[in-house]
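The lines below spell out each chain.
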Amino acid sequence: MSHFDLIVIGAGPGGYVAAIRAAQLGLKVACVEKESALGGTCLRVGCIPSKALLESSAKYHEAKEDLAVHGIKATSVKFDLKTMLARKENIVSELTGGIDFLFKRNKVSRYQGLASFVAANEIQVGEETLTAKNILIATGSKSSNLPNVEMDDDIIGDSTTALSYSKVPKHLVVIGAGVIGLELGSVWQRLGAEVTILEYLPRILPGMDEEIAKEAQKLFKKQGLNFELGVKVTGVQKEGKEAIIQLEGKDPVKADRVLMAVGRKPNTEGLNLEMIGLDTDKRGFVPVDEHFQTSVKGVYAIGDVIGGAMLAHKAEEEGIACVEQMVKGYGHVNYRAIPGVVYTEPEIASVGYTEEELNASQRAYRKGLFPYLANGRAKALGHTEGKVKILADAVTDRVLGVHIIGARAGDLIAEAAIAIEFGASAEDLARSSHAHPTLAEIIKEAALAVDKRAIHI
Ligand code: FAD
Ligand code: NAD
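First, a word on scope: everything that follows refers to the structure included in this document. (Residues numbered from 1 in each chain as written. Chains lettered and ligands numbered in written order. Predicted model: local features only at pLDDT ≥ 70, side-chain atom pairs only at ≥ 80, totals over all residues. Heavy atoms only, no water.)

1. Examining the overall build of the protein chain
Right, so step 1: Of regular secondary structure, the protein chain possesses 13 helices and 22 strands.
Right, so step 2: Taken over the C-alpha trace, the protein chain has a radius of gyration of 23 Å; the compact-globule value for 457 residues is 23 Å, and the two agree within 12%.
Right, so step 3: Classification of the 457 residues of the protein chain by burial places 52% in the buried group.
Right, so step 4: Put simply, of all contacts in the protein chain between residues at least 6 apart along the chain, 64% involve residues at least 24 apart.
Right, so step 5: In the form shown here, the protein chain has an accessible surface area of approximately 21,400 Å², with 50% of it arising from carbon and sulfur atoms.
Right, so step 6: On the protein chain, the mean spot of the 53 positive side-chain charges and the mean spot of the 59 negative ones are 3 Å from each other. (Helix = DSSP H or I, 4+ residues; strand = E, 2+ residues; numbered from the N terminus. Rg over C-alpha atoms; globule rule 2.2 N^0.38 Å. Buried < 20%, exposed > 50% of the residue type's maximum accessible area, 1.4 Å probe, protein only. Contact = heavy atoms within 4.5 Å. Areas by Shrake-Rupley, 256 points an atom, 1.4 Å probe, with all protein chains shown as cover. Lys, Arg positive; Asp, Glu negative; His and termini not counted. Charge placed at Lys NZ, Arg CZ, Asp CG, Glu CD.)

What follows is the structure in structure tokens.
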């Protein structure tokens, strides 16, 4: 039996970051991960491989469609899917191997296997028993499915299957117009698939600012993605090498691949939570207080498994706050300052309140908009689609929300997140010097537009 100050269950971005921070703070730490590679959903089958394919497919599309305007003649542009997939796998193995290295450097003991509670301070991993003063559950999430649908992880599969199709689908039907559906739908559409996205709600990207989501849908449609909104999928059956997707009140749709992208659910499988009397909520999430403490003393939880935004950086912030609270007595996550990014073309990024949330809470706000079209750098890049929208308190001018659709929105949003974290006003953003010519000037101009004094429009 080995004893630790802290055992972390799960080596995703929540768990591995928490383990490293706890070790930095002087704790004797073990991290148990059931998979052979560290890094969790994010590094193995999520953020990283999807971004690798988004990048490769964007380069192919750019070479084929967008270079001519620069006077560059790229004729008979082709791609080799095998190379593209191998590149993705290499990036994944370099990064997951990097976590192994970080664990060794920080003296985090790694155990491979499924962790199961024996008592509140004791877990079993294969033949080994580990005990600790505190145990942190960071077991993440897994894909949701629809009732009456059986995934074969081939014709009908989730994001993990769609990250490794061995050939480009002829017709890919994506169920769900959320982040996964749009990112992976874009990858295969750029590589030549006909892509149809079926969404239950009357809009795409639920939860994101509606004005921005509407503009996104227009642009994605122009790129060739087909949307059917407000449709309910009632079943999916395999028929030979095809799938038939049944829709309520509509004709069925046929596809050679179906990507189920209807959300993710908490993963507590195999933990044996009943043994320690730890109940999940009705959706399966592990309830915690503001210090990530569960109802069982000494047992904590963070990341996707506790609910909220299912984002890698949210899990990381929680992991750090949780162990800092354990050791130092304080640790905090500002959920309003956590950005979200959709890595499509153009990118979509947001932080803080949406306009719908401000209206619902009857908070008075002023709004500044500035288009990419009026920005010199955007013109030089050849990416003039999109805009920045800043929402600021009508009385204090404090920045409440920033929403961006346009090139490199995912990088631009960092400035907005810092503004919100530091309680900055739109005037602060407007008065800060932004290098010329940069896309960041669009943020400055949108901040000026809050006070109706944008210069270049
Ligand atoms: P996870 O990363 O899910 O890690 C949990 C780990 O626990 C897993 O490795 C699992 O094997 C292990 N585990 C589970 N149970 C046990 C057990 N009993 N014993 C031992 N080990 C166990 N987020 C972003 O912020 N940006 C993105 O671009 C992004 N892209 C994504 C793309 C896709 C296709 C997907 C599916 C997700 C994406 N996400 C993205 C979401 C992101 O991956 C998750 O929010 C993040 O991984 C959650 O981190 P976590 O540490 O809570 O859990
Ligand atoms: P999501 O919640 O973003 O979207 C799921 C979509 O499926 C919703 O629009 C929902 O209305 C729709 N849906 C549900 N049931 C349906 C039905 N029966 N028929 C048709 N549509 C239906 O979930 P996701 O796209 O699967 O992503 C899962 C999680 O992973 C998200 O929480 C997301 O934050 C995270 N993720 C993040 C990134 C990123 O940060 N770039 C990328 C990928 C995934």
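2. Some remarks on the site of ligand 2
Right, so step 1: Looking at ligand 2, there are 22 residues lining it, with Ile180, Glu183, Glu199, Gly263 and Val341 nearest.
Right, so step 2: The separation between a nitrogen atom of ligand 2 and a polar main-chain atom of tyrosine 200 is 3.1 Å.
Right, so step 3: Between an oxygen atom of ligand 2 and a main-chain N or O atom of glycine 263, the distance comes to 2.9 Å.
Right, so step 4: Protein contact buries 78% of the 850 Å² of open area that ligand 2 shows by itself.
Right, so step 5: With 3 residues, the single largest contributor to the shell around ligand 2 is helix H6 (residues 179-190).
Right, so step 6: Of the residues belonging to the shell around ligand 2, the class tally is 15 nonpolar, 3 polar and 4 charged. (Near = heavy atom within 4 Å. Polar contact = N/O pair within 3.5 Å; in protein donor to acceptor, adjacent residues only side chain to side chain. Nonpolar A, V, L, I, M, F, W, Y, C, P; charged D, E, K, R; others polar.)

3. A word on the site of ligand 1
Right, so step 1: Looking at ligand 1, there are 41 residues lining it, with Glu33, Thr41, Lys51, Ala115 and Ala312 nearest.
Right, so step 2: Interatomic distance of 3.4 Å between a backbone N/O atom of cysteine 47 and a nitrogen atom of ligand 1.
Right, so step 3: Taking alanine 312, its main chain carries an N or O atom lying 2.8 Å from an oxygen atom of ligand 1.
Right, so step 4: Here ligand 1, which alone exposes 990 Å², has 95% of that area covered by the protein.
Right, so step 5: Elements represented by at least two residues in the shell around ligand 1 include exactly helix H1 (13-24), strand S2 (29-33), helix H2 (40-45), helix H3 (47-66) and helix H8 (312-328).
Right, so step 6: A total of 5 residues in the shell around ligand 1 trace back to one element, the largest contributor, which is H2.
Right, so step 7: A per-class count over the shell around ligand 1 returns 17 nonpolar, 16 polar and 8 charged.

4. Considering the sheet that holds strand S13 (residues 242-247)
Two pairing modes exist for strands in a sheet, parallel and antiparallel, and in both the strands are linked by backbone hydrogen bonds.
Right, so step 1: Across the sheet, which stays open at both edges, the 3 strands sit in the order S12-S13-S14 with antiparallel pairing between neighbours. For this open sheet the edge positions go to strand S12 (233-239) and strand S14 (250-255), each flanked by a neighbour on one side alone. Strand-to-strand, the axes of this sheet are offset by a mean angle of 20°, without reference to chain direction. (Pairing = 2+ DSSP bridges. Axes fitted to C-alpha atoms, helices over the stretch in contact; angles between N-to-C directions.)

5. What to know about the pattern of salt bridges
Right, so step 1: Within the structure shown, the criterion is met by 28 salt bridges.
Right, so step 2: Note that lysine 387 is salt-bridged to glutamate 215, the shortest N-O span being 3.1 Å. Of this pair, lysine 387 sits in strand S21 (residues 386-393) while glutamate 215 sits in helix H7 (residues 210-223); the two residues are 172 residues apart in sequence, bridging distant segments of the chain. Of the two residues, lysine 387 and glutamate 215, both sit in the buried class.
Right, so step 3: Residues joined by salt bridges that share partners form a network here, namely Asp209, Glu211, Glu215, Glu355, Lys367, Lys387 and Lys389. (Salt bridge = Lys/Arg side-chain N within 4 Å of Asp/Glu carboxyl O.)

6. Some details on the environment of glycine 263
Right, so step 1: Looking at the secondary structure, you find glycine 263 in the loop between strand S15 (257-260) and strand S16 (264-266).
Right, so step 2: For glycine 263, a relative accessible area of 36% puts it in the partly exposed group.
Right, so step 3: When the C-alpha atoms of glycine 263 and alanine 177 are compared, they prove to be 9.9 Å apart, with 86 residues separating the residues in sequence.
Right, so step 4: Ignoring sequence-local partners within four residues, the contact set of glycine 263 consists of Ser143 and Ser144.

7. Some details on the packing of H1 against helix H4 (residues 81-105)
For any two helices packed against each other, the geometry comes down to the angle between their axes and how far apart the axes lie.
Right, so step 1: Orientation of H1 relative to H4, taken along the N-to-C sense of each, is 20°, at an axis distance of 10 Å. By the angle between their directions, the pair H1 and H4 is classed as roughly parallel. The chirality of how H1 crosses H4 is left-handed. Judged by residue contacts, Tyr16, Ala19 and Ile20 of H1 engage Ile99, Leu102 and Phe103 from H4.
Right, so step 2: Here the contact of H1 with H4 is composed, by residue class, of 6 nonpolar, no polar and no charged. (Parallel < 35°, antiparallel > 145°, perpendicular 65-115°, else oblique. Left-handed = near helix turned anticlockwise from the far one by under 90°.)

8. Here we look at the packing of H3 against H4
Right, so step 1: Orientation of H3 relative to H4, taken along the N-to-C sense of each, is 145°, at an axis distance of 9 Å. For the pair H3 and H4, the crossing hand works out as right-handed. On H4, the residues that touch Ile48, Pro49, Ala52, Leu53 and Ser56 of H3 are Met84, Leu85, Arg87, Lys88, Ile91, Val92 and Leu95.
Right, so step 2: Looking at the contact of H3 with H4 residue by residue, the class counts come to 9 nonpolar, 1 polar and 2 charged.

9. A short note on the state of the cysteines
Right, so step 1: Tallied over the entire structure, the rule returns 1 disulfide.
Right, so step 2: Here cysteine 42 connects covalently by a disulfide to cysteine 47, the sulfurs 2.4 Å from one another. Handedness of the cysteine 42-cysteine 47 disulfide follows from its S-S torsion of about -130°: it is left-handed.
Right, so step 3: Given a relative accessible area of 27%, cysteine 47 falls into the partly exposed group. (Disulfide = S-S within 2.5 Å.)

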